[in-house]
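Structure at a glance
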Amino acid sequence: EAKESGRNAYRFYRQEMQQQITERALLEKALHSAISKDEFYLVYQPQVSEYGQLIGFEALIRWFNEELGLVPPNRFIPVAEEVGLIDEIGNWVLESVCHQLKEWQDLGLPPTFKGVGINISPYQFAKECFVETVYGVIERTQVDPSLLDLEITEGMLVENITSVAEKMWRLKEHNIRFSIDDFGTGYSSLRYLQHFPITQLKIDQSFVRDLTSDPQSHVIINTIVSMAAHMKLSVLAEGVEHQEEKEILNNIGCLKYQGYYFAKPVNVGMATHYLSSAITFPLQPQKA
Ligand code: C2E
Ligand code: MG
Ligand code: MG
Ligand code: MG
């Protein structure tokens, strides 16, 4: 009987494996034609000041495929990186955001609005031509480059310091800004940071999630905030889901936020509405 159940477990395991391989193959195949089939689109999540004013958006990619449905970026971005499609996808994102930003720019941006965060994959950034690609998009779209806030990760900074720093400084010459995404989860020491023209740290949402329950997270955020102040860096907390979290962050001295408490990512139409209507976030004032 033990043998029998062992065999069953094994068969189950094989089926499971097989299914995963098939799914992955399907995803990879669909990913190859996703751009030409126009299956990607962007959503924009508001970034807000301590008074709830709209200070920016983060552009987030979405992929809808007929067979696979809506595939989250955490599932397909790693595949795109692995099979060499991330460059093309990343350039599509860059181009789309800049086109959109130029439209918003022409409509007139609210004075509090500083620009749009764009996630840049390390593979995309590592390309020899990355700087030229960005310049090209700026040329074509005539977007104000100071509205671009390129989000990179800590891991990127510890590899190839000189070439990464050189590229960043060249982009910085055109007033492009850089944020460190998911800050606190990598291993970049303060010493690393000072080599790079960084303007903002985005505190990873895992720290915010544990803020009310875990004193350790409170300490970590406190440390990040005071260190950022010393280095004259802006800090923004990600994944703020509750008013209480916002209050604690505010007391610590973190004055910029992004998260479901304020607003979820929205489509272009709604984002345009947010930009043109001087509203503050959260939209419905919540009872304390
Ligand atoms: P990220 O850059 O750290 O983006 C923040 C993620 O947190 C987004 O997930 C956003 O929808 C989600 N989020 C925002 N507020 C909250 C909240 O209050 N609670 C919770 N639980 N989540 C919140 P999304 O859109 O699924 O993106 C996941 C990741 O995929 C991003 O993490 C980023 O690393 C990557 N990604 C998204 N768009 C792009 C892109 O255009 N290019 C590249 N290379 N990566 C992208
Ligand atoms: Mg990001
Ligand atoms: Mg993040
Ligand atoms: Mg992330």
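Described in the following lines is the structure provided in the data block.

Conventions and cut-offs
Residues numbered from 1 in each chain as written. Chains lettered and ligands numbered in written order. Predicted model: local features only at pLDDT ≥ 70, side-chain atom pairs only at ≥ 80, totals over all residues. Heavy atoms only, no water. Helix = DSSP H or I, 4+ residues; strand = E, 2+ residues; numbered from the N terminus. Buried < 20%, exposed > 50% of the residue type's maximum accessible area, 1.4 Å probe, protein only. Salt bridge = Lys/Arg side-chain N within 4 Å of Asp/Glu carboxyl O. Expected span 1.5 Å × (residues − 1). Arc of directions from axis to C-beta. Polar contact = N/O pair within 3.5 Å; in protein donor to acceptor, adjacent residues only side chain to side chain. Donors = N, O, S within 2.8 Å, 3.2 Å for Na, K, Ca; no water.

1. Some remarks on the environment of Leu 26
- Relative to the helices and strands, Leu 26 resides in helix 1 (residues 2-32).
- When its relative accessible area of 38% is taken as the criterion, Leu 26 is described as partly exposed.
- On a C-alpha basis, the gap between Leu 26 and Glu 67 in space is 9.1 Å, while along the polypeptide they are 41 residues apart.

2. A look at the pattern of salt bridges
- Counting across every chain of the model gives ten salt bridges.
- Among the ionic pairs, Glu 95 bridges to Arg 140, the shortest N-O distance being 2.9 Å. Of this pair, Glu 95 sits in helix 3 (residues 86-107) while Arg 140 sits in helix 5 (residues 130-141), and the two are 45 residues apart along the sequence.
- For Glu 95, a relative accessible area of 22% corresponds to the partly exposed category.
- Arg 140 gets classed as exposed once you look at its relative accessible area, which sits at 55%.
- Close ionic contact of Glu 238 with Lys 202 constitutes a salt bridge, the shortest N to O distance being 3.8 Å. In this pair, Glu 238 sits in the loop between strand 8 (234-237) and helix 11 (243-252) while Lys 202 sits in strand 7 (residues 200-203), placing the two residues 36 residues apart along the sequence. Considered together, Glu 238 and Lys 202 belong to a single accessibility category, that of buried residues.

3. Notes on helix 10 (residues 215-230)
- The terminal C-alpha atoms of helix 10, which comprises 16 residues, lie 23 Å apart, in line with the 22 Å expected from a rise of 1.5 Å per residue.
- For helix 10, the full list of buried residues reads Ser 217, Ile 221, Ile 224, Val 225, Met 227 and Ala 228. Buried positions in helix 10, seen along its axis, are confined to an arc of 170° and lie on one side of it. Turned more than 90 degrees off the buried face of helix 10, the exposed positions are Pro 215, Gln 216, Ala 229 and His 230.
- Here helix 10 starts with a cap whose side-chain oxygen sits 3.0 Å from the backbone nitrogen of Gln 216, and that cap is Asp 214.
- Looking one or two residues past helix 10, Lys 232 carries a phi angle of roughly 55°, positive in sign.

4. Focus on the coordination of the magnesium ion (ligand 2)
- Coordination sphere of the magnesium ion (ligand 2), protein contribution only: Glu 58 (OE), Asn 119 (OD1), Glu 151 (OE) and Asp 181 (OD), at 2.0 to 2.2 Å.
- Read in sequence order, the donor residues for the magnesium ion (ligand 2) give the motif E-x60-N-x31-E-x29-D.
- For the pair the magnesium ion (ligand 2) and the magnesium ion (ligand 3), the metal-to-metal distance amounts to 4.2 Å, and Asp 181 bridges them. A residue pair is termed long-range when its members are at least 10 positions apart, and Glu 58 in strand 2 (residues 54-65) and Asn 119 in strand 4 (residues 115-119) qualify at 61 residues.
- For Glu 58, a relative accessible area of 3% corresponds to the buried category.
- Relative accessible area serves as the criterion here: at 31%, Asn 119 is assigned to the partly exposed category.

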